[in-house]
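The chain contents come next:
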Amino acid sequence: MIKEVISRDVFDGRPDGFLYTMRSFGKKLGIVFNDGLHWNKTRRVALKFLKGFGYGSRQMELHIAEECQALVEKLKNTHEPVLVNSMFDISIINIVWRFVAGERYELDDERLKKLCDLITRCFRVADMSGGVLTSMPYLRHVIPDLIGYTEMKEVHRALHQFLREIIEKHKETLDLKSPRDVIDAFLIEMHNNIGSFYEEDLQVVCLDMLEAGVETVNNTAVFMLLYLVRNEAIQRRLQDEIDEVVGENRAPVLSDRKRMLYTEAVIMETLRLASIAPVGIPHMALADAKLGDYVIPKGTFILLALHELHNGIHWKDPEAFQPERFLTREGNLIQDEWLMPFGSGKRRCIGEGLARSELFMFLANIMQKFNLKLPPGHPMPSIEPIDGLTLSAKPFKIIFEPRCQ
Ligand code: HEM
């Protein structure tokens, strides 16, 4: 049924409840929570511009590699246990933001850190069903703090302020003949083709890239560290593969992936077990439609049970972290159709390629240089997630012990 929902146009809508539209000026704008012709056009044009600036190409790999190097350097110079839960946030923003806004921030940039904390908070106070704010939006006038309204409003006020400043800076220095990034490209499109997009559209596309692109990859990467710190044998096997394919004298590159199938299997197993988008992003029926034996009335929200799909009856010992389940006896990768962490069909995640590349490069670079250890006396961190728009790991610390190769 999940496959049927994501492959039929009639289920390609997105809900327009209060929670989903309060981040976009009360309207359906941008990519994630938009639908119909406007969604189609925004998604298509945003992807065209992203690709125009190197998204999905060698340029993207260079940005990822640069961020990995900065992260590894930072870890080398850190001699205490590291609280890892938002460890990748700024590196991930930097990678996306090179395309969108042409900017890079230092890994200890205070404003960016605050912004990332805001995004994390906003992902914790709500869930994808839309919560009370969508079913009873009037309660925001009665108990705004209790139902997360105050927090959501504050977070989005700060995020929009940040984006407005960036867009204003772009407008001041715009050269219509030579766009520098996606924001420039949208501004030029708006100038040449009046009415095609408005500044609100651009602001929500930028917000989509920040919100959909950062928490998702960060939380998955953090779960990956969590599973590895709990399992030294898997760390050793990863390091054996890295040592054999990459060695110690150069950094891993994306083209190593095809010879590092155990590393790929660790990433797939992380995506399965963590399932950080437990119900995907809600779809909505655009007309009355039949689904199996059910009649789904127009306007019904549909949540995809991805966590259940990834952790249910199909899998042997689903609660165990076993990368081997994705490898044949000969060591080749098994593509299992029950694993679809990025969705599929017309609404599939636009960041899948980027996310998979980031996860590979973070993992390979970190494991090439460090052993992951728990600080003495610290209990084994729990794999039990914190609920929210995406699932995240409970706070835990790791010692990144430099490897003697
Ligand atoms: C591990 C990381 C990620 C996971 C697990 C993930 C998962 C998903 C899922 C399940 C969907 C919904 C598919 C559907 O509605 O059927 C989605 C949509 C989306 N994702 Fe991701 N995502 C990740 C990373 C990213 C990144 C890095 C970006 C951007 C740079 C991104 C941008 C988007 C956007 C814009 C959509 C909305 C697409 C649409 O509605 O047309 N995601 N993602």
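Being a predicted model, the structure only gives us computed values, none of them experimental.

A. Seen up close, the packing of aromatic side chains. On inspection of all chains with the given rule, the structure shows 12 aromatic pairs. When the centroid spacing of 5.0 Å and the interplanar angle of 35° are considered together, the rings of Tyr-20 and Phe-33 count as tilted. Separated by 13 residues along the polypeptide, Tyr-20 in helix H2 (residues 18-21) and Phe-33 in the loop between H2 and helix H3 (36-52) bring together distant segments of the chain. Here Tyr-20 matches Phe-33 in class, with each residue buried. By the ring-pair criterion, three or more aromatic residues cluster together here, those being Tyr-20, Phe-33 and Phe-301. In this structure, Lys-41 packs its charged tip against the face of Phe-197, placed 4.6 Å from the ring centre.

B. Inspection of the site of the ligand at higher detail. The immediate surroundings of the ligand are formed by 25 residues, with Arg-14, Arg-43, His-283, Arg-347 and Cys-349 found nearest. Between a nitrogen atom of the ligand and a main-chain N or O atom of Ala-212, the distance comes to 3.5 Å. Within the side chain of Arg-347, an N or O atom sits 2.9 Å from an oxygen atom of the ligand. Elements with a contribution of two residues or more to the shell around the ligand: H3, helix H10 (199-229) and helix H14 (352-369). The greatest single-element share of the shell around the ligand, amounting to six residues, is contributed by H10. When grouped by side-chain class, the residues that make up the shell around the ligand number 15 nonpolar, six polar and four charged.

C. Looking closely at the packing of H10 against H14. Where H10 meets H14, the axes come as close as 10 Å, and the angle between the chain directions of the two elements is 35°. Note on packing geometry: the crossing formed by H10 with H14 is right-handed. Here Val-217, Thr-220, Ala-221, Met-224 and Leu-228 of H10 come into contact with H14, specifically with Ala-355, Glu-358, Leu-359, Phe-362, Leu-363 and Met-367.

D. Region of the structure containing the environment of Glu-308. With respect to the element layout, Glu-308 can be found in helix H13 (residues 306-311). Classification of Glu-308 as exposed rests on a relative accessible area of 52%. Along the chain, Glu-308 and Trp-97 lie 211 residues apart, while their C-alpha atoms are 33 Å from each other.

Thresholds, definitions, all that
Residues numbered from 1 in each chain as written. Predicted model: local features only at pLDDT ≥ 70, side-chain atom pairs only at ≥ 80, totals over all residues. Heavy atoms only, no water. Phe/Tyr/Trp six-rings, centres within 6.5 Å; stacked < 30°, edge-to-face > 60°. Helix = DSSP H or I, 4+ residues; strand = E, 2+ residues; numbered from the N terminus. Buried < 20%, exposed > 50% of the residue type's maximum accessible area, 1.4 Å probe, protein only. Lys NZ or Arg CZ within 6 Å of the ring centre and 35° of its normal. Near = heavy atom within 4 Å. Polar contact = N/O pair within 3.5 Å; in protein donor to acceptor, adjacent residues only side chain to side chain. Nonpolar A, V, L, I, M, F, W, Y, C, P; charged D, E, K, R; others polar. Axes fitted to C-alpha atoms, helices over the stretch in contact; angles between N-to-C directions. Left-handed = near helix turned anticlockwise from the far one by under 90°. Contact = heavy atoms within 4.5 Å.

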